[in-house]
Amino acid sequence: MLGAGKLGSREKVRGNLSVLHVKGRVLVGPEDVRDELWCVDGRITFERPPAAAGEVTTVEGWVLPGLVDAHCHVGLDRHGPVDEATAEKQALTDRDAGTLLIRDAGSPSDTRWIDDREDLPKIIRAGRHIARTRRYIRNYAHEIEPEQLVAYVGQEARRGDGWVKLVGDWIDRDLGDLSPSWPRAEVEAAIAEAHRLGARVTAHCFAEDSLRDLVEAGIDCVEHATGLTEDTIPLFAERGVAIVPTLVNIATFPHLADGGQEKFPRWSAHMRRLHERRYDTVRAAWDAGIPVFVGTDAGGSLAHGLVAAEVEELTRAGIPALDALSATAWRARTWLGRPGLTEGAPADLVVYGEDPRADVRVLAAPRRVVVNGRVIG
């Protein structure tokens, strides 16, 4: 264990800069380990700053870039949009768990005020969910018909931060089971419009039937992806379509199935099958070369701050520990176009007492969280 007794120690320097000295084992990449870095006025540097008068805060341990939750909903709970105080509490919970970069995969709340807070995670927004009329959770999405899809995708592409979120399938009450939300032609046109506007598209998908149309239409990512099969896995791999399995959310499927058993027995049986093979599905996707990233689906029925639990779930599915770690750290940040522990990057990092590469359970107990060069807690 590194620096157990040295966290928060101080060194005297000369000058007027806000300086944090981070020592120990700085994991710039899975195998790129440095001895130290500096945070100067909220930015990372690997060069010792010029001498100046004042104090330097020093922290020591095993250091990762701020963790990524690539499927999280700030400003949303099980009933719909929440007030700013609740959204702030959600963001703080994620931050204290070490999540400093969030891809907000759909929210009806305006959370732009978070961008002005130096102490909260950075958010990449996908706008508001776009769902078929009466085919999603009430108060969550724009509920529209297929002929409106292109216009709404364009609207959310302009409002978001480079992502748009579709609801690709949901229960059809007439069928009594999951079914695709959108015809193929409308999906193709909508994804083309998003790409024209510089946005990537992701979709909520539990079942099997919507996946081929979405991937062949050019989608960039699929959330949950429990319906992947030996027929669609090669297609995802060939097209480089990422998945965010949200296994901590898939764990709730048996409970959901129990609740719908009497009214929708076909749907309930389907949800149980998807749950039973969840680990096999994720491992088969990984083995085929499909990019897999960490996401918790926090903010609906799930609590925030579950990023460490999701990484551990990926390892239970058979993904090697270092790759599961990268799916919330280095590789996840590259995928989202955000820097990690690089020269001049925002100083967002997490310090641990032990090597998280050796045991991902270390992620559940951060020693220090640093946001914009400021030590939190």
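Look above for the structure.
Below is a summary of the structure that appears in this document. (Residues numbered from 1 in each chain as written. Predicted model: local features only at pLDDT ≥ 70, side-chain atom pairs only at ≥ 80, totals over all residues. Heavy atoms only, no water.)

Brief notes about the nonpolar core
Residues Leu166, Ile219, Phe236 and Leu314 are the most contacted members of the largest nonpolar core, which totals 60 residues. Setting aside residues up to four positions removed in sequence, Ile219 forms contacts with Ile191, Val201, Thr202, Ala203, Leu214 and Val241. Of all hydrophobic cores here, the second largest spans 18 residues; its members include Tyr140, Val167, Trp267 and Met271. (Core = buried A, V, L, I, M, F, W, Y, C linked by side-chain atoms within 4.5 Å. Buried < 20%, exposed > 50% of the residue type's maximum accessible area, 1.4 Å probe, protein only. Contact = heavy atoms within 4.5 Å.)

A word on the packing of helix α2 (residues 149-159) against helix α3 (residues 184-196)
It is the contact of α2 with α3, at a shortest axis distance of 9 Å, that shows an interaxial angle of 25°. The angle between α2 and α3 places the two elements in the roughly parallel class. Classified by chirality, the crossing of α3 by α2 is right-handed. Residues Leu149, Val150, Val153, Gly154 and Arg158 of α2 form the contact with α3, whose participating residues are Glu186, Val187, Ala189, Ala190, Glu193, Ala194 and Arg196. (Axes fitted to C-alpha atoms, helices over the stretch in contact; angles between N-to-C directions. Helix = DSSP H or I, 4+ residues; strand = E, 2+ residues; numbered from the N terminus. Parallel < 35°, antiparallel > 145°, perpendicular 65-115°, else oblique. Left-handed = near helix turned anticlockwise from the far one by under 90°.)

A short note on α2
Turn by turn, an α-helix covers 3.6 residues, leaving residues three or four places apart pointing in a common direction. For α2, the full list of buried residues reads Leu149, Val153, Gly154, Glu156 and Ala157. Buried residues belonging to α2 abut β11 (130-132), β12 (142-144), β13 (163-167) and α3.

Focus: the environment of Cys221
Mapped onto the secondary structure, Cys221 falls in strand β17 (residues 221-224). Given the relative accessible area of 0%, Cys221 is considered buried. Sequence separation between Cys221 and Trp38 is 183 residues, and the spatial gap between their C-alpha atoms is 35 Å.

Describing the packing of aromatic side chains
In the structure shown here, the tally under the stated rule is six aromatic pairs. Ring centres of Phe206 and Phe253 lie 4.8 Å apart, and the angle between their planes is 75°; on these two criteria the pair is classed as edge-to-face. One end of the pair, Phe206, is in the loop between β16 (200-205) and α4 (211-216); the other, Phe253, is in helix α7 (residues 253-260), and 47 residues separate them in sequence. As far as burial versus exposure is concerned, Phe206 and Phe253 are alike and both buried. Ring pairing ties together the aromatic residues Tyr136, Tyr140, Trp170, Phe206 and Phe253, which thus form one cluster. Positioned over the ring face of Phe46 is Arg34, at 4.7 Å from the centre of the ring. Geometry around Trp163 places Arg103 over its ring, the cationic atom sitting 4.6 Å from the centre. (Phe/Tyr/Trp six-rings, centres within 6.5 Å; stacked < 30°, edge-to-face > 60°. Lys NZ or Arg CZ within 6 Å of the ring centre and 35° of its normal.)

Here's the deal with the packing of α7 against helix α8 (residues 265-276)
In the contact formed by α7 and α8, the axes pass within 8 Å of each other and the chain directions differ by 170°. The orientation of α7 with respect to α8, classified from their angle, is roughly antiparallel. Where α7 abuts α8, its residues Phe253, Pro254, Leu256, Ala257, Asp258 and Gly260 lie against Pro265, Trp267, Ser268, Met271, Arg272, Leu274 and His275. Among the residues making up the contact of α7 with α8, the classes are represented as eight nonpolar, three polar and two charged. (Nonpolar A, V, L, I, M, F, W, Y, C, P; charged D, E, K, R; others polar.)

A short note on the pattern of salt bridges
With the rule as written, the count across this model stands at 27 salt bridges. As a salt-bridge pair, Asp161 and Arg125 come within 3.2 Å of each other at their nearest N and O atoms. With Asp161 in the loop between α2 and β13 and Arg125 in strand β10 (residues 122-125), the pair connects residues that are 36 residues apart, well separated along the chain. For Asp161, a relative accessible area of 25% translates into the label partly exposed. Taking relative accessible area as the criterion, Arg125 reaches 8% and is therefore assigned buried. Residue Arg184 pairs with Asp213 through a salt bridge whose shortest N-O separation is 2.9 Å. (Salt bridge = Lys/Arg side-chain N within 4 Å of Asp/Glu carboxyl O.)

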